[in-house]
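Structure at a glance
One letter stands for each residue in the lines below.
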Amino acid sequence: MNNKKYSVTVAGGGSTFTPGIVLMLLENMDRFPIRSIKFYDNDAKRQETVAKACEIYLKENAPEIEFAYTTDPETAFTDIDFVLAHIRVGKYAMREKDEKIPLKYGVLGQETCGPGGIAYGMRSIGGVIEILDYMEQYSPDAWMLNYSNPAAIVAEATRRLRPDSKILNICDMPIDLEEKMAHMCGLKSRKEMQVGYYGLNHFGWWHKIHDKDGNDLMPQIKEHVAVNGFADALSDTNQHVDASWRETFTKVKDVYAVDPSTIPNTYLKYYLYPDYVVEHSNKEYTRANEVIDGREKHVFGICNDIIEKGTSKGVEGFEADAHATYIVDLACALAENTNERFLLIVENEGAIENFDRTAMVEIPCIVGRNGYEKICQGAIPQFQKGLMEQQVSVEKLTVEAWIEGNYNKLWQAITLSKTVPSARVAKLILDDLIEANKEYWPELH
Ligand code: NAD
Ligand code: G6P
Ligand code: MN
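Residues numbered from 1 in each chain as written. Chains lettered and ligands numbered in written order. Predicted model: local features only at pLDDT ≥ 70, side-chain atom pairs only at ≥ 80, totals over all residues. Heavy atoms only, no water.

Time to look at the UniProt feature "transmembrane region" (unreviewed entry) in the protein. Within the UniProt annotation, "transmembrane region" (unreviewed entry) is assigned to residues 6–26. Secondary structure content for residues 6–26 is 43% helix and 29% strand, and the end C-alpha separation is 12 Å. (UniProt positions renumbered as here; feature names shortened; annotations may be inferred. Helix = DSSP H or I, 4+ residues; strand = E, 2+ residues; numbered from the N terminus.)

Quick look at the coordination of the manganese ion (ligand 3) now. Four donors placed tetrahedrally around a metal ideally meet at 109.5 degrees, and six donors placed octahedrally ideally meet at 90 or 180 degrees. Only Cys 171 (SG) and His 202 (NE2) from the protein coordinate the manganese ion (ligand 3), and they sit 2.2 to 2.4 Å from it. Of the two residues, Cys 171 is situated in the loop between strand E6 (167–169) and helix H7 (173–184) and His 202 in the loop between strand E7 (193–200) and strand E8 (203–211); the sequence distance between them amounts to 31 residues. Taken individually, Cys 171 and His 202 each receive the classification buried, so the pair is uniform in this respect. (Donors = N, O, S within 2.8 Å, 3.2 Å for Na, K, Ca; no water. Buried < 20%, exposed > 50% of the residue type's maximum accessible area, 1.4 Å probe, protein only.)

Glancing now at the sheet that holds strand E9 (residues 263–264). Across the sheet, which stays open at both edges, the 3 strands sit in the order E7-E8-E9 with antiparallel pairing between neighbours. Only two strands of the sheet have a single partner each, and these edge strands are E7 and E9. As judged from the 2 bridges shared by E8 and E9, these two strands associate in the antiparallel manner. Residue pairing for E9: Trp 206 is matched across the bridge by Ile 263. Lying on the sheet, helix H8 (residues 218–228) is in contact with E8 and E9; it crosses E8 at an angle near 130°. Lying on the sheet, helix H14 (residues 382–404) is in contact with E7 and E8; it crosses E7 at an angle near 60°. (Pairing = 2+ DSSP bridges. Contact = heavy atoms within 4.5 Å. Axes fitted to C-alpha atoms, helices over the stretch in contact; angles between N-to-C directions.)

Moving on, we get to the packing of helix H4 (residues 91–104) against helix H5 (residues 114–138). At a closest axis distance of 8 Å, the pairing of H4 and H5 adopts a crossing angle of 145°. The handedness of the crossing between H4 and H5 is right-handed. Taken together, the residues of H5 that come into contact with H4 (itself represented by Met 94, Arg 95, Asp 98 and Pro 102) are Pro 115, Gly 116, Ala 119, Tyr 120 and Arg 123. Among the residues making up the contact of H4 with H5, the classes are represented as 5 nonpolar, 1 polar and 3 charged. (Left-handed = near helix turned anticlockwise from the far one by under 90°. Nonpolar A, V, L, I, M, F, W, Y, C, P; charged D, E, K, R; others polar.)

This next bit is on the site of ligand 2. In the vicinity of ligand 2 lie 14 residues, with Arg 95, Asn 149, Asp 172, His 240 and Arg 287 positioned nearest. At a separation of 2.7 Å, an oxygen atom of ligand 2 approaches a polar side-chain atom of His 240. Protein burial of ligand 2: of its 390 Å² of free accessible surface, 93% is covered by the chains. The leading source of residues in the shell around ligand 2 is helix H12 (residues 287–309), at 3 residues. By residue class, the composition of the shell around ligand 2 is 5 nonpolar, 4 polar and 5 charged. (Near = heavy atom within 4 Å. Polar contact = N/O pair within 3.5 Å; in protein donor to acceptor, adjacent residues only side chain to side chain. Areas by Shrake-Rupley, 256 points an atom, 1.4 Å probe, with all protein chains shown as cover.)

What follows covers the packing of aromatic side chains. How two aromatic rings sit relative to each other is set out by the distance from centre to centre and by the angle between their planes. A complete count under the given rule lists 17 aromatic pairs for this structure. Look at Tyr 267 and Tyr 270: their rings are 6.0 Å apart centre to centre, the planes differ by 40°, and that puts the pair in the tilted class. The same class applies to Tyr 267 as to Tyr 270, namely buried. An aromatic cluster of at least three residues, connected via ring pairs, comprises Tyr 198, Phe 203, Trp 205 and Tyr 271. The ring centre of Trp 411 lies 5.6 Å from the NZ or CZ of Lys 427, which sits over that ring. (Phe/Tyr/Trp six-rings, centres within 6.5 Å; stacked < 30°, edge-to-face > 60°. Lys NZ or Arg CZ within 6 Å of the ring centre and 35° of its normal.)

Spelled out as structure tokens, the structure:
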């Protein structure tokens, strides 16, 4: 330890995940000491509710931490070591449109996959780059840990537009799945496993899993996943618990069946079983509605309760996002040079030998004070390579469309998505998405 105390800005202070992250940071103060937490958001009113509740909580539980919240970039990004970024450009109102517009045309509607994910990407790129620029302007030595979605498209955009920036793009889905796999094997934590993994974000596979003694855990995990998917496996996360998530965890067994030599990420369900997903969707009530009626009501309800009472004592429901401790692990790795392994979304450059060198891939990396080193995953099988080439082209075309304002490239991106049946349907969806996203997308021509 170097006895330094860190200053952290949470970008997207009004996020439903902010209180869980703050409590998680407090729980980890012994290894990641904090002197200041600031919230930044471009929606003052939404942020204020979360911030006032957190302010009360912090005063009562960690009065030594300086706390502030603001919509002013200079205040937010001056004198900081880390930005934890989880913004949602367009908020749930736009997520709902991302999900419902494709469904109108018989195509699945999902936050990060298919046309909905592409639409969200076209909104997120500008927002994330703006925050990265603020960070570099006011605290040039800081690191941004970004988990704003769609992480695959955002990562490709930062590779293209800000190649030298200190940003790490990350995802929590593999964390939860690795916790589940560890528990299947009777281990206490995913940290007792060493994994081999390759893919794109929300589009990857485990191909090797060993315990600390080097024993192969894949046979045991496969046996379990073949019967139950990830459905009945335990994890200490309080995030993926709704019925729709349980359904996704169950469906993994059918995704696994297609290639029993690897363990798939849950998100592959949207690409391998899109017809099933559409049949099981309610066009009037999608995941966005579930989150608005569930997580958002819950979190804002607790915040308002704390604000009204003027104290967090006796108010139930604020809990640390336990599995988000990987964010502290990652910050510690950068700050304290722990050289721990993480799955990161990084430029391939040969780590996956037979795949586009410029693709942003999700692979294990070793993280220390000077950034990350990639762990080579070798050559991947034809099936995965074929799928990934198609999907990475979707992501690259989306970013090119955003940079150039190019209508045809976005039409191509949607057409190429495995979730979309034809260029005709792609165009119908695109034209609706353009109308819905007028406020957020660059103009396309
Ligand atoms: P949310 O809508 O509750 O919060 C997002 C906040 O971002 C809002 O307060 C909004 O006002 C703010 N915001 C929007 N545009 C902004 C901008 N340009 N600058 C500053 N602030 C801006 O959303 P949520 O459900 O809590 O999710 C937050 C984000 O975290 C989403 O992008 C979500 O997809 C992502 N997420 C990622 C992972 C992962 O694995 N990578 C896991 C969970 C959540
Ligand atoms: C997982 C993914 C995230 C995604 C989230 C959606 O955690 O890794 O990238 O944002 O699920 O969850 P939600 O509850 O908002 O549908
Ligand atoms: Mn994710």
